[in-house]
There are 4 protein chains.
Amino acid sequence: MSVPSTQKQWVITGTDKGFDGLVFKEGPVPKLGENDVLVKLHAASLNYRDLAIAKGMYPFPIDLPKVASSDGAGEVVAVGSRVTQFKKGDKVCTLFNQGHQYGELTIESVGTALGGMREGALRSYGAFPETGLVKAPSNLNHVEASTLPCAAVTSWNALYGLKPLKPGEWVIVQGTGGVSLFALQFAKAAGAKVIATTSSADKAATLKKLGADHVINYRDDPNWGATARKLTPDGAGADHIIEVGGEHTMTQSLSAVKYGGIITLIGFLGGAKPKDSILEALNKICTLRGVFVGSREQMEDMCRAIEANDIHPVVDKKVFPFDQAKEAYEYMWAQKHFGKLCIKID
Amino acid sequence: MSVPSTQKQWVITGTDKGFDGLVFKEGPVPKLGENDVLVKLHAASLNYRDLAIAKGMYPFPIDLPKVASSDGAGEVVAVGSRVTQFKKGDKVCTLFNQGHQYGELTIESVGTALGGMREGALRSYGAFPETGLVKAPSNLNHVEASTLPCAAVTSWNALYGLKPLKPGEWVIVQGTGGVSLFALQFAKAAGAKVIATTSSADKAATLKKLGADHVINYRDDPNWGATARKLTPDGAGADHIIEVGGEHTMTQSLSAVKYGGIITLIGFLGGAKPKDSILEALNKICTLRGVFVGSREQMEDMCRAIEANDIHPVVDKKVFPFDQAKEAYEYMWAQKHFGKLCIKID
Amino acid sequence: MSVPSTQKQWVITGTDKGFDGLVFKEGPVPKLGENDVLVKLHAASLNYRDLAIAKGMYPFPIDLPKVASSDGAGEVVAVGSRVTQFKKGDKVCTLFNQGHQYGELTIESVGTALGGMREGALRSYGAFPETGLVKAPSNLNHVEASTLPCAAVTSWNALYGLKPLKPGEWVIVQGTGGVSLFALQFAKAAGAKVIATTSSADKAATLKKLGADHVINYRDDPNWGATARKLTPDGAGADHIIEVGGEHTMTQSLSAVKYGGIITLIGFLGGAKPKDSILEALNKICTLRGVFVGSREQMEDMCRAIEANDIHPVVDKKVFPFDQAKEAYEYMWAQKHFGKLCIKID
Amino acid sequence: MSVPSTQKQWVITGTDKGFDGLVFKEGPVPKLGENDVLVKLHAASLNYRDLAIAKGMYPFPIDLPKVASSDGAGEVVAVGSRVTQFKKGDKVCTLFNQGHQYGELTIESVGTALGGMREGALRSYGAFPETGLVKAPSNLNHVEASTLPCAAVTSWNALYGLKPLKPGEWVIVQGTGGVSLFALQFAKAAGAKVIATTSSADKAATLKKLGADHVINYRDDPNWGATARKLTPDGAGADHIIEVGGEHTMTQSLSAVKYGGIITLIGFLGGAKPKDSILEALNKICTLRGVFVGSREQMEDMCRAIEANDIHPVVDKKVFPFDQAKEAYEYMWAQKHFGKLCIKID
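Residues numbered from 1 in each chain as written. Chains lettered and ligands numbered in written order. Predicted model: local features only at pLDDT ≥ 70, side-chain atom pairs only at ≥ 80, totals over all residues. Heavy atoms only, no water.

If you look chain A up in an unreviewed UniProt entry, it shows as NAD(P)-binding protein from Coniochaeta ligniaria NRRL 30616.

### Examining the interface of chain A and chain D
For clarity, the threshold we go by: Any pair of residues with heavy atoms lying within 4.5 Å of one another is described as a contacting pair. By definition, the buried area sums, over both parts, the 1.4 Å-probe accessible area that each loses when the two are put together. A side-chain nitrogen of Lys or Arg and a carboxyl oxygen of Asp or Glu constitute a salt bridge if their distance falls within 4 Å. Any pair of nitrogen or oxygen atoms within 3.5 Å is treated as a polar contact; in protein, a donor-acceptor pairing is required on top of that, and neighbouring residues in sequence qualify only through side-chain atoms on both sides. Under the scheme used here, helices are H or I runs from DSSP no shorter than 4 residues and strands are E runs no shorter than 2 residues, and both carry numbers assigned from the N terminus.
In this assembly, 12 residues from chain A lie in contact with 12 residues from chain D. Both sides together, the interface formed by chain A and chain D hides about 1,000 Å², and carbon and sulfur atoms give 39% of it. The three residues of chain A that bury the most area against chain D are E34, R82 and Y102 of chain A, which together make up 51% of that side's buried surface. Two residues, D36 of chain D and R82 of chain A, come together in a salt bridge whose shortest N-O distance is 2.6 Å. Counting across the interface, chain A meets chain D through 5 residue pairs in polar contact (both at pLDDT 80 or more). At 3 residues, the largest contribution of residues to the side of chain A that touches chain D is made by helix α10 (residues 296–308) of chain A.

### Description of the relation of the copies chain A and chain D
There are two copies of the chain, and a rotation about an axis plus a shift along that axis relates them. Keep this limit in mind: Here the copies are matched by least squares. The fit uses the C-alpha atoms of residues with pLDDT of at least 70 in both.
Least-squares fitting of chain A to chain D yields an RMSD of 0.0 Å, with the superposition described by an axial translation of 0.0 Å and a rotation of 180 degrees. One copy is carried onto the other by what is essentially a two-fold rotation axis. Both copies present the same face, since 100% of the interface residues in chain A are matched by interface residues at the equivalent positions in chain D.

### What about the pattern of salt bridges?
Residues and elements named next belong to chain A. Note the threshold: Exposed residues in this analysis have more than 50% of their type's maximum accessible area, buried residues have under 20%, and partly exposed residues fall in between, with area computed by a 1.4 Å probe over protein chains only.
Tallied over the full model, the rule gives 58 salt bridges over all chains. Ionic pairing is found between D239 and K258, a salt bridge with its closest N-O pair at 3.4 Å. Of this pair, D239 sits in strand β12 (residues 238–243) while K258 sits in strand β13 (residues 257–265), and the two are 19 residues apart along the sequence. Residue D239 is classed as buried on the basis of its relative accessible area of 11%.

### Focus: the side chain of T232 of chain D
Residues and elements named next belong to chain D. For T232, the location among the structural elements is in the loop between α6 (224–231) and β12 (238–243). For T232, a relative accessible area of 3% gives the class buried. From its side chain, T232 meets the backbone nitrogen of A236 in a polar contact 3.3 Å long.

### Thoughts on unusual backbone geometry
Backbone torsion omega between L64 of chain B and P65 of chain B reads -5 degrees, so that peptide bond is classified as cis. Following the sequence through the fold, P65 of chain B ends up in the loop between α1 (48–55) and β4 (66–67). For I285 of chain A, which is not a glycine, the phi torsion comes out positive at approximately 50 degrees. As for its placement among the helices and strands, I285 of chain A is situated in the loop between α9 (279–283) and β14 (287–290). Exposure remark for I285 of chain A: the relative accessible area of 11% places this residue in the buried category. Phi at V293 of chain B takes a positive value of approximately 60 degrees, unusual for a residue other than glycine. By secondary structure assignment, the location of V293 of chain B is in the loop between β14 (287–290) and α10 (296–308).

### Considerations on the packing of helix α6 (residues 224–231) of chain B against helix α7 (residues 249–256) of chain B
All names here are of chain B. Quick note on the threshold: With axes taken as lines fitted to C-alpha atoms, and helix axes fitted only over the stretch in contact, angles between N-to-C directions fall between 0 and 180 degrees. An angle counts as roughly parallel when it lies under 35 degrees, as roughly antiparallel when it exceeds 145, as roughly perpendicular when it falls between 65 and 115, and as oblique in every other case. What makes a crossing left-handed is the near helix being turned counterclockwise from the far one by less than a right angle; a clockwise turn instead makes it right-handed. Any residue that is not Ala, Val, Leu, Ile, Met, Phe, Trp, Tyr, Cys, Pro, Asp, Glu, Lys or Arg is counted as polar, Gly included; the first ten are nonpolar and the last four charged.
Contact geometry of α6 with α7 gives a least axis separation of 7 Å together with a crossing angle of 25 degrees. By the angle between their axes, α6 is roughly parallel relative to α7. Regarding α6 and α7, the two cross each other, and that crossing is right-handed. Residue-level contacts link W224, G225, A226, A228 and R229 of α6 to T249, Q252, S253, S255 and A256 of α7. Residues belonging to the contact of α6 with α7 are distributed by class as follows: 4 nonpolar, 5 polar and 1 charged.

### Quick word on the environment of D213 of chain A
Residues and elements named next belong to chain A. By the element assignment, D213 lies in the loop between α5 (201–209) and β11 (214–217). Look past the residues within four positions of D213 in its chain and what remains in contact with it is K188, A192, K193, V194 and K208. Here V194 takes part through its backbone nitrogen, which lies 2.8 Å from a polar atom of the side chain of D213.

### With respect to helix α1 (residues 48–55) of chain A
With 6 of 8 residues buried, α1 of chain A is to be regarded as a mostly interior element. Turning to α1 of chain A, its buried residues are R49, D50, L51, A52, I53 and A54 of chain A.

### Side note on the domain arrangement of chain A
Residue and element names in this part refer to chain A. Cut-off, in case you're wondering: Each domain's extent was defined by an automatic or database domain assignment.
Taken domain by domain, chain A comprises domain 1 (6–147 + 313–344) and domain 2 (162–290). Placing the centre of domain 1 and that of domain 2 at their C-alpha centroids yields a distance of 29 Å. Facing the 12 residues of domain 1 at the interface are 11 residues of domain 2. Summed over both sides, the interface between domain 1 and domain 2 buries roughly 910 Å², with carbon and sulfur atoms accounting for 82% of that surface. On inspection of domain 1 and its partner domain 2, the count reaches 0 salt bridges. Put simply, domain 1 and domain 2 have 0 residue pairs in polar contact (both at pLDDT 80 or more) between them. The element contributing the most residues to the side of domain 1 that touches domain 2 is α1, with 3 residues. Residues belonging to the side of domain 1 that touches domain 2 are distributed by class as follows: 8 nonpolar, 2 polar and 2 charged.

### Concerning the packing of aromatic side chains
For any pair of aromatic rings, geometry is given as the distance between the ring centres together with the angle between the planes. Residues and elements named next belong to chain A. As a reminder, the rule being used: Only Phe, Tyr and Trp rings take part, Trp by its six-membered ring, and two of them pair if their centres are within 6.5 Å. Stacked means planes under 30 degrees apart, edge-to-face means over 60, and tilted covers everything else. The criterion for a charge sitting over a ring is simple: Lys NZ or Arg CZ within 6 Å of the ring centre, and within 35 degrees of the ring normal.
Under the definition given, this model contains 46 aromatic pairs over all chains. Centre to centre, the rings of F19 and Y329 are 5.4 Å apart; their planes meet at 65 degrees, and the pair counts as edge-to-face. Residue F19 is located in the loop between β1 (6–12) and β2 (22–28), and its partner Y329 is located in helix α11 (residues 325–333); the two are separated by 310 residues in the primary sequence. Assigned by exposure class, F19 and Y329 land together as buried. Arranged with centres 5.4 Å apart and planes meeting at 70 degrees, the rings of Y58 and F60 form a pair that is edge-to-face. The partly exposed category is assigned to F60, whose relative accessible area is 29%. Aromatic rings pair up to connect Y58, F60, F96 and F292 into one cluster. In this structure, K55 packs its charged tip against the face of F19, placed 4.5 Å from the ring centre.

### A short note on the sheet that holds strand β4 (residues 66–67) of chain A
Worth spelling out the cut-off: When DSSP finds two or more bridges between a pair of strands, those strands are recorded as paired.
Read from one edge of the open sheet, 3 strands run β2-β1-β4 (chain A), paired in antiparallel fashion. Of all the strands in the sheet, the pair left with one neighbour each is β2 and β4 of chain A.

### Focus: the sheet that holds strand β2 (residues 22–28) of chain B
Residue and element names in this part refer to chain B. Ordered by their spatial adjacency, 3 strands build an open sheet running β2-β1-β4, and the pairing between neighbours is antiparallel. Of all strands in the sheet, those with a lone pairing partner are β2 and β4, marking the two edges. Where strand β1 (residues 6–12) meets β4, 2 bridges bridge the pair, whose relative direction is antiparallel. Along β4, the bridge assignment pairs I12 with K66.

### Here's the deal with a negative patch on the surface
We count it as follows: Residues forming no salt bridge and having over 30% relative accessible area are the ones grouped into patches, like charges within 9 Å of each other and nonpolar side chains (Val, Leu, Ile, Met, Phe, Trp, Tyr) within 5 Å. Residue-level accessible areas treat just the shown protein chains as cover; the underlying method is Shrake-Rupley with a 1.4 Å probe. A positive count includes Lys and Arg, and a negative count includes Asp and Glu. His and the chain ends are not counted in either. Think of each charge as sitting on NZ of Lys, CZ of Arg, CG of Asp or CD of Glu.
Residues D323, E327, E330 and D346 of chain A make up a contiguous surface patch of negative charge. Take D323 of chain A: it is sitting in the loop between β15 (315–320) and α11.

### Overview of helix α4 (residues 178–189) of chain A
Because each turn of an α-helix spans 3.6 residues, side chains separated by three or four positions in sequence point in the same direction. All names here are of chain A. Rule in force here: Given a helix with a known number of residues, its expected span is that number minus one, times 1.5 Å.
Taking 1.5 Å of rise per residue, 12 residues should cover 16 Å, and α4 covers 17 Å from first to last C-alpha, within 8% of that figure. Across the 12 residues that make up α4, a large majority, 11, are buried. For α4, the set of buried residues is G178, V179, S180, L181, F182, A183, L184, Q185, F186, A187 and A189. G191 sits one or two positions beyond α4 and adopts a positive phi of about 80 degrees.

### Some thoughts on the confidence of the model for chain A
Short version of the rule: Values of pLDDT, which run from 0 to 100, indicate the predictor's confidence residue by residue.
With 95% of its residues at a pLDDT of 70 or more, chain A shows a mean pLDDT of 94. The ipTM assigned to the predicted complex is 0.96, against a pTM of 0.97.

This is the structure:
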């Protein structure tokens, strides 16, 4: 396979025209540095963050124009002269914060996110430093693998980054967004019990099929936190809560959490704006943790778990072709999706 | 149900006559202290250790005569005036080292084992301090619950006591003894990959049914350590090895272990006598760990995992009646059992 | 030494008259249960919580009348027939939540606090279950040892309960309350760097003497969070912040914390009422943790560290005699104290 | 400062002539890759491993000829076009296994050691990938900083890599080799108690000066393991033992270790050849761990602790000039050194 000199790519040119600022245009295939890996990208997935960036609603700094999307997957087509970890033919995923290798984020690594600070994945070919890629789980196709960099790593970080989940613990996930579904799948694979919330019978059935032990309809049961707590052994509450929700979910999470339990705030991704005071965390003797995706080390651990348990990400039945990426943004903005929304890249 | 004043019990009266030192006799139902719980024992299980004690082959101090067996399960029939954690009707298991509540063993707690230092479980009624019991997983019957105190807690400690097992890690278990089968079941429930070894096709089939991803016949493949290593991703080796074996297994374990991996030595229980020098651990950059059952905190965590994952211990199809406990010892000594050998208590 | 049948004790008789509800009266020396230890109490210390209970300002349930104070130290004078961990002559401290042995608090153990739910330490003799005591560090006298159960264990839990402090990390402590001073001493003993805040030059000098690497006067520098951050390597922020303050400290803490850092909320003890939204925790990618004292296991670890490093708690120069305990409450309420306020018990 | 095109370097040309295989010769200053950092090396330190390599006694694969020594320190004089973590003027140390960034060693990273698999530090200028360097603690001069990559990181890994040392724990260090002295200094900075062994009164005095709480003369007291155990609280034994010794030390270590304690085997560096069977680890219910230096993440943590506690490595009073490196090897081979042996590089 010969690598062309130019390629198609979706560029965020500005944020004042919303998704119309996304422009599909020709650009050069990047030059391969000594430590770079050239990837033929085959798929990308979208996160709420990508929509917010395009809409000018992202609260963190970005640096436009940039190729859109943090989440890509593909195949290695060439490696720089000093690359040691990858070879031609390897299937790979992108790392969200390219500089976040291990440990906690730093002031430097927080500014290395694809699709905002660095050129993203919505293009045919990308050159990434080898430290900015991980091997894709062998059980996944490119579309599935493209869903991992942001949402899945965030979930993994929530469950394993501070107080690793143990079999027999109880996890609460909210709704059917990407982070929540990954948390459900990871928790079940790890021998935990899962309570999921949703507002529709259809989604409840899907959550059950994915392994949820209990599903609570939060429309029917606005005080679902207390209900969830009662489901846990001795009514002690949940060990881990993945808090992605809107205004009122935090109150319920605080009602459902166990002493010493962890509520992980995936706020921005889901648009959460909890109004509860920090003081509540004290009264509930629990831990609130903000996370921002995760490190390469965590992503490698996660990929190993996905492969070992043959976990397949939930992908919306509609996968958009490369030239309709803007339609994909609009479809997701209209909340027509279930699971991860993906784009196939030519 | 009224509690009688006397009961039947199997007492280890001495070790010079082997199993004939086990005497089935009448004794008083113990007096209930303020912090004690009176348990109507319904089942007990045997460990290799119990056989060794009766045969005078146990290398650690014991204090005879004592009621035999460390592993019992039953129902609470009365509680002392200051008991807070249990009530009548609760189903419970005994804690192996009665004084081992949390953290590491101490010089004091190591001398509090049932069926050797303290009166054991092979009797109709036992009084135990409330700290010497845990609630049985609700999914188990008494016979199943009686298998947990020694073998299952040992496995749990191996997998979670030092470097907690994570989903996607690889575990090697050897043979079909109680500790190995529990480790297989726990590891699979936790999303790990498991390689098991055995010497028979029948047992291999059972191991597969229990979830083993790979089974190696160590008769056919004496260098099974290298074979196991090749099965792991990139041939990196296993993260956890439960080493219970005989003279030659340690060499294979050292060949199969990953850098930084843990080989847990369950030596005595299985009679292991590894001849390898400690120096090998250095050359393999791995960790060797001796464990001696585990704490009450660990047993509670384990019971939660058993219940959440509906794990059922593997029990030999032959469950002995109470008055044939000596036959049970002989049956197990002759290695006729598969899985845990249990005795129903009247 | 013979044990009398009656003794003097300070009883919280009600909360409607403030400290006048504290009554010094004669009561029986408690009967010794089988698992109990009889302690001749020699000292008690006060916490803000004790004042709040007496004033009717404590937000958690209490059960009056009760002997006051959670924090006592003394000498064992007798042990129940089944006590194994203590003997006559041992020097001991009380455990705050008597039922909190290991792991996280539970619904049961949260209701076992001395001086509120159970009879406290402001009496000549107390009988405690052996699990409700720990051996006092051998380097401390009774007055010093009496300061440990609440404030010191809270600090230890903050620094070691979730993400154990490592040498070289940076800790911020606020003001000169008991928890803050213990955190300063523990952090320095453990090889961490400490930034302390205060509003007076005198206290700043004392904080420096206790080992603080930097002291910031928060009156002169209301944006002390940014100042503290700049003191840390690369301006990355603090790894641990002990948040005990008032309305405005949380804003500063969120400004000073590192990515992945932990802000431990010791809110009630210091009367904190942070108004910041939980959402801030997300934006700062940090962890907020509420703690409520700590377990017996943690207290034992802490006592070992105190002894090994010959740490001496900071005790106010005025130690009140037993019959003036009410004056001690008033002195502390008027904030005349520096360090822990103690009462010698006859 | 202009960078010359050639430089002096000490090359291991072969192992059949012992130290005469070390040749001081001119070579090119390496070309700077995009991700490389050019370092003007100012000092190197020697480890027993370097002597063994030169003598042909190293049991692991090496790839000659190579510039000698794994341990170097110096100043950045130029950076490649894509370097982000370093700039001109930064003071740096080399990373021992250049590929070991985080987590455990891998099959790949174990083959990336300087001075054996890759060009080492005994040269005026070295080009290293930026991931192969760490910033030197600001309190150290170049000679001191050059002692860190192998011995210090090994000690840090021993104390923090598996079960992080906590204040109040007890550590045993053996002799006065580099790893042992670092372990002593790290443990004291972290609030631990330290028992050191030695055979001379002079060295005992130095160990005391460095902070050792107890020093045992192992010549006078061949059963020093039991003596050490008695020094620990309740005779429970040591939490961490840094085992570097010869034939008989392991027996003593096994006698001195606590239940659940860790004996870290620094065997090769000190030439240890323990004859004890692995079975002993079981009987002592302890953990034996082999380590091979440590990761970049660990080295960064360590440097932070060194800086925060102003730890200064123990350097032999004789620092050799660059052109006498061979004499340094001989001096160290003759065991004339105390602490780390260093070479100043022109």
